Amino acid sequence: MALQRTFSILKPDATRRNLTGKINAKIEESGLTIVAQKRLWLTRTQAEGFYAVHAERSFFGDLCEFMSSGSVVVQILEGENAVAKYRDIMGATNPANANDGTIRKEFAESIEANSVHGSDSEENAAIEISYFFSAIEIVG
């Protein structure tokens, strides 16, 4: 299996409750390495740009409002099979359906405020990483 990178966001519900360290510990305990990380407060326009793929969906407005409601931590994670591994660590989108020990089962407040975002493919990881990071910011 080849080394792979994926993208992660610790969402406003997680940062508001000071869960950054606890979530990062779960990420690192899984064998993934955080090779870039920064805290931002997205504008509505930045959130809309990032989630443009969902622009036609009914939840788009609420999602962009939520993602610009507080600070977020954007990250690049690296490891073997990083995309699938991080999706397993995150757990199901709906925390009620997430497995015990996953980030969303332990920390999510609701299906909307579910603490983390992660890329769903290598292709989307590359797009999402480039939205927030330049090559000089990546240390892995």
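This write-up is about the structure you can find in this document. (Residues numbered from 1 in each chain as written. Predicted model: local features only at pLDDT ≥ 70, side-chain atom pairs only at ≥ 80, totals over all residues. Heavy atoms only, no water.)

### Quick word on the sheet that holds strand S1 (residues 3-10)
As summarised here, the arrangement of the four strands in space is S2-S3-S1-S4, forming an open sheet in which the pairing is antiparallel. The sheet terminates laterally at strand S2 (33-40) and strand S4 (116-118), the two strands that pair on one side only. For this sheet the average axis-to-axis angle between neighbouring strands, irrespective of direction, equals 20 degrees. Pairing of S2 with strand S3 (residues 72-80) involves seven bridges; the strand directions are antiparallel. Paired with Gln37 across the bridge in S3 is Gln75. (Pairing = 2+ DSSP bridges. Helix = DSSP H or I, 4+ residues; strand = E, 2+ residues; numbered from the N terminus. Axes fitted to C-alpha atoms, helices over the stretch in contact; angles between N-to-C directions.)

### Re the side chain of Ser8
On the secondary structure map, Ser8 appears in strand S1. Taking relative accessible area as the criterion, Ser8 reaches 0% and is therefore assigned buried. A polar atom in the side chain of Ser8 sits 2.8 Å from the side chain of Tyr86. (Buried < 20%, exposed > 50% of the residue type's maximum accessible area, 1.4 Å probe, protein only. Polar contact = N/O pair within 3.5 Å; in protein donor to acceptor, adjacent residues only side chain to side chain.)

### A look at the layout of surface pockets
Size it by volume and the largest pocket reaches roughly 780 Å³. Lining the largest pocket are 28 residues, and of these Tyr51, His54, Phe59, Leu63 and His117 sit closest to its centre. Mapped by element, the contributors of at least two residues to the lining of the largest pocket are helix H3 (44-50), helix H4 (60-67), helix H5 (82-90), S4 and helix H7 (122-132). With four residues, H7 is the largest single contributor of residues to the lining of the largest pocket. Considered class by class, the residues forming the lining of the largest pocket number 12 nonpolar, eight polar and eight charged. (1 Å grid on protein atoms, 1.4 Å probe; cavity = no way out; pocket = protein on both sides within 12 Å on 5 of 7 lines; lining within 4 Å. Points joined across faces, edges and corners; volume = space filled by probe spheres on them. Nonpolar A, V, L, I, M, F, W, Y, C, P; charged D, E, K, R; others polar.)

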